[in-house]
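Here are the chains, one letter per residue:
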Amino acid sequence: MPPVRGGEKGISGLKLAAWGVVALTAVMAVVFASRFGSDPALSESPLLGEPVPDVTLSRLVGEGEVAMDDYRGSILVVNFFASWCLECRLEHDALVAASDSFTGAGVEFVGVAYQDERRDSLEFLDELGLSESTDYLFDEGSRAAIAFGVFGIPETYFIDPDGAVVGRIIGPTDALTLGSTIDAIRRGETPGQQRLGNTRSSPGDA
Amino acid sequence: MAEGTIVERLPASIRAVPWSVLSIVAMAIALVALVSTYDPPADAAEEIGSLIRCPVCQGVPIADSPSPMARDMMAILRQSLDEGATRQEAIEAVLGAYPGSLLLEPEVNASTLALWLIPVVALVGGGGLVLTLRRGRRASDVVPERREIEDRLAAVRADLDELALQEAAGDIDQEAAHHLRAAYQTEFTEAQTALAELQPVAEPLARSPRRVAIGAAVIVVALAAIVVAAGAFLVDRPDTTSGVAGALEGDPSDYSNETLAAVIAANQDHPQIDGMRLALAERHFAEGDYQSAFPYSLDVASSDLAARPQVATALTRLGWMADDGNGEVDTALDLLAQARTVAPEDPFPLYLEGIVTWCGNDDAAAAAAAFREVLASGVEDAEVRRQVEGDLAATEAGEACPR
């Protein structure tokens, strides 16, 4: 009687399927591993190359309102900070130094207080020293932060004299980076985006 | 450990229930639980907000997040919808400046292709697996049935043989033998037919390269689809180090005076900051901008961290600026003397001292003495040496300062 191998055939199909599952799992592991490090917070801002968001904010220091478009014709540096942000303390001196150094050189600095109380932001500036050449603004309802696509602070955006967003720094910046980015924009280059360190999303963010 | 102990302890009535039925019941319970706990969105804003991932939270939609940022995003969403924005415009108002990955229901594009393909591949693959297993099981079910028929055939064949023997021995009458033979033969024919019917099912169960090839092809195609999607993921990864970082690697001479000033102002206590101060002072000095050069030179001259030659250079520049810029001859000579004290090996302060004495104090003889000392100290640069020699000749001849 010829042997009937139906049962063995079933195991062979099962083996094939099992190898398929193993191969599939391996490929999926590679795919998902490749996504590590591509945090959406680090993905290139869709704002780069686009016009500066049309937002108007009230002043934190002084009276009145200021629109981003008011700075057209100058290079604009927009820095988002808050009193609860440790990294913002680390970069504060660099921002004050850069703002003061570029005074009268066609470069304007704006500090936007993000997710903060006015009183706390003012205390922060009192403690660390404010730049006379910087416009400090208050972001009521996170309008500016959402319009700029802020994930966490500090974040700093660079806008060219034509009003196009040309640079973004995620994390605490330093004077050389600020200055060389402005120098690059003056040469007509597009600095793009870079990450320099940690950011914080909210006061409780460790 | 005894095999299947837990299952064996179950009552026979439960053990008899097929796994497929249990699976369906479990899925039904899950479905009922999902439906009963489903909280429909209160309005359009809630519905859209449930599709937008809060950028400052971990995988929570803005409609459900207590964070102030999510609350502010919901406010903008509501306002946009109240102002008559379409669904897409409202999403754009909130996510316009954020990368598309914040949508919890991602669009179909190159980078999300794998996300959409995986469930389809899993469904097709899972279905294929179930079918393979079922076929395998059916094939193994056939084996006992076939054996049973073959046993029957063998038994009938034995009965026919025995009948022939009985007939030959005259142990059975003709009529009875005829009836029995007819009955055995009918049974034999039936069993043969049954065996023949089994054959087409049993046949493909033997080794089939075709099936293996089809299975392999399905897996290869699925893998290829996933690899292509993975490629899209990799290509889509943003280059986060380009741009600004490139500027930092450039030639330091690319940095503007303002950038150097900012770096100096922000790093007053840095051990190497005096080199940068001196470099910026030199730039301003070369441009004839003494007013800008002065504070940096002064900082270096009075710095505890500056190297000796740096202090001497700063004092020399300050001395020259005091004379050339302000006409303060005594201050200039004092500063140049300090420079000589700090760096006695540097002949440059002495040369400038000669110039200031000659031009500021009209003392050609004292200047000539200074120039002689400079030449005696050994000036290596031929051009500088020629200049000092020229000045020495002029002072020795009693000429007035040419400035």
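The rules behind the values
Residues numbered from 1 in each chain as written. Chains lettered and ligands numbered in written order. Predicted model: local features only at pLDDT ≥ 70, side-chain atom pairs only at ≥ 80, totals over all residues. Heavy atoms only, no water. Helix = DSSP H or I, 4+ residues; strand = E, 2+ residues; numbered from the N terminus. Buried < 20%, exposed > 50% of the residue type's maximum accessible area, 1.4 Å probe, protein only. Contact = heavy atoms within 4.5 Å. Areas by Shrake-Rupley, 256 points an atom, 1.4 Å probe, with all protein chains shown as cover. pLDDT = per-residue confidence, 0-100. Disulfide = S-S within 2.5 Å. Core = buried A, V, L, I, M, F, W, Y, C linked by side-chain atoms within 4.5 Å. Polar contact = N/O pair within 3.5 Å; in protein donor to acceptor, adjacent residues only side chain to side chain. Axes fitted to C-alpha atoms, helices over the stretch in contact; angles between N-to-C directions. Parallel < 35°, antiparallel > 145°, perpendicular 65-115°, else oblique. Left-handed = near helix turned anticlockwise from the far one by under 90°. Nonpolar A, V, L, I, M, F, W, Y, C, P; charged D, E, K, R; others polar. Expected span 1.5 Å × (residues − 1). Arc of directions from axis to C-beta. Salt bridge = Lys/Arg side-chain N within 4 Å of Asp/Glu carboxyl O. Patch = residues over 30% accessible without salt bridge, like charges linked within 9 Å, V, L, I, M, F, W, Y side chains within 5 Å.

### Details of the overall build of chain A
Of the regular secondary structure elements, chain A holds five helices and eight strands. The order of helices and strands in chain A, counted from the N terminus, is α-β-β-β-α-β-α-β-α-β-β-α-β. Residue burial in chain A is summarised as follows: out of 206 residues, 56% are buried. Considering only contacts in chain A between residues 6 or more positions apart, those separated by 24 or more positions represent 75%.

### Side note on the overall build of chain B
When you go through chain B residue by residue, the secondary structure sums to 18 helices and zero strands. The buried share among the 403 residues of chain B stands at 33%. Taking the intrachain contacts of chain B between residues at least 6 apart in sequence as the baseline, contacts between residues at least 24 apart amount to 51%. Surface accessibility of chain B: about 24000 Å² in total, with carbon and sulfur atoms responsible for 58%.

### Here we look at the confidence of the model for chain B
Residue and element names in this part refer to chain B. Mean pLDDT for chain B: 83, with 87% of residues reaching 70 or above. The spread of mean pLDDT over the elements of chain B runs between helix α10 (residues 244–248), the lowest at 36, and helix α13 (residues 290–301), the highest at 95. A low-confidence stretch, residues 235–250 stays under pLDDT 50, and its non-local contacts, those more than four residues away or across chains, total 29 contacts. Here the predicted complex carries an ipTM of 0.80, next to a pTM of 0.66.

### Quick notes on the state of the cysteines
By definition, a disulfide is the covalent link that joins the sulfur atoms of two cysteine residues. This structure, assessed with the given rule, holds three disulfides over all chains. With a sulfur-sulfur separation of 2.2 Å, Cys85 of chain A is cross-linked through a disulfide to Cys88 of chain A. Linking Cys85 of chain A and Cys88 of chain A, the disulfide has an S-S dihedral of approximately 85° and is accordingly described as right-handed. Note on Cys88 of chain A: relative accessible area 2%, which makes it buried. Bridging Cys359 of chain B to Cys401 of chain B, the disulfide has an S-S length of 2.0 Å. With the S-S bond torsion at 80°, the cross-link from Cys359 of chain B to Cys401 of chain B turns out right-handed. Here Cys359 of chain B is found in helix α16 (residues 348–360), whereas its partner Cys401 of chain B is found in the segment after α18 (382–396), with 42 residues between them in sequence.

### Things to note about the nonpolar core
Grouped together as the largest cluster of nonpolar side chains are 59 residues, with contacts concentrated most on Met68, Val78, Phe80, Tyr114, Phe148 and Ile153 of chain A. Looking at this core element by element, the count peaks at six residues for helix α5 (residues 68–82) of chain B. Here Phe148 of chain A is in contact with Leu47, Val52, Pro53, Val55, Met68, Val78, Phe80, Tyr157 and Ile159 of chain A together with Ala97 of chain B, once residues within four sequence places are set aside. One finds Ala293, Cys359, Val374 and Ala394 of chain B within the second-largest nonpolar core, a separate group that totals 37 residues.

### What about the side chain of Thr181 of chain A?
With respect to the element layout, Thr181 of chain A can be found in helix α5 (residues 175–186). Polar contacts involving the side chain of Thr181 of chain A include one to the main-chain carbonyl oxygen of Thr177 of chain A, which spans 2.5 Å.

### A word on the environment of Val143 of chain B
All names here are of chain B. Inspection of the secondary structure puts Val143 in helix α7 (residues 113–169). The exposure class assigned to Val143 is buried, which follows from its relative accessible area of 16%. A C-alpha to C-alpha distance of 9.7 Å links Val143 and Leu198, two positions 55 residues apart in sequence.

### With respect to the packing of helix α14 (residues 308–326) of chain B against helix α15 (residues 329–342) of chain B
Residues and elements named next belong to chain B. The geometry of α14 relative to α15 is characterised by a closest axis approach of 8 Å and an angle of 165° between their N-to-C directions. Here α14 lies roughly antiparallel to α15, going by the angle between them. When the axes of α14 and α15 are compared, the crossing they make is left-handed. For the pair α14 and α15, contact is made by Arg308, Val311, Ala312, Leu315, Thr316, Leu318, Gly319, Ala322 and Asp323 and by Val329, Thr331, Ala332, Leu335, Leu336, Gln338, Ala339 and Val342, respectively. The residue inventory of the contact of α14 with α15, partitioned by class, reads 11 nonpolar, four polar and two charged.

### A closer look at α18 of chain B
Residues and elements named next belong to chain B. Spanning 15 residues, α18 covers 21 Å between terminal C-alpha atoms, matching the ideal 21 Å at 1.5 Å per step. Along α18, the residues that are buried comprise Val388, Asp391, Leu392, Ala394 and Thr395. For α18, the arc enclosing every buried residue in end-on projection is 165°, short of the 170-degree limit, so these residues lie on one face. Turned more than 90 degrees from where α18 packs its buried face, Glu383 and Arg386 sit exposed. Packed against the buried residues of α18 are α16 and α17 (364–376).

### Examining the side chain of Ser121 of chain A
In this structure, Ser121 of chain A sits in helix α3 (residues 118–128). Discounting chain neighbours no more than four positions away, the residues touching Ser121 of chain A are Leu60, Ser83, Ala113, Asp116 and Phe138 of chain A.

### Digging into the pattern of salt bridges
Residues and elements named next belong to chain B. Across all of its chains, the model carries 22 salt bridges over all chains by this definition. Salt-bridge contacts for Arg308 lead to Glu345; the nearest nitrogen and oxygen are separated by 3.6 Å. Note that Arg308 is positioned in helix α14 and Glu345 in the loop between α15 and α16, a separation of 37 residues in sequence. A salt bridge links Glu353 to Arg340; the shortest N-O distance between them is 3.0 Å. One end of the pair, Glu353, is in helix α16; the other, Arg340, is in helix α15, and 13 residues separate them in sequence. Accessibility expressed as a relative area gives 16% for Glu353, which makes it buried. Under the relative-accessibility criterion, Arg340 is labelled partly exposed at 29%.

### Considering a nonpolar patch on the surface
All names here are of chain B. A cluster of nonpolar side chains, contributed by Val17, Trp19, Val21, Leu22, Val25 and Ile29, occupies part of the molecular surface with about 570 Å² of accessible area. The topology assignment puts Ile29 in helix α3 (residues 19–37). According to the relative accessible area criterion, Ile29 is exposed, its value standing at 55%.

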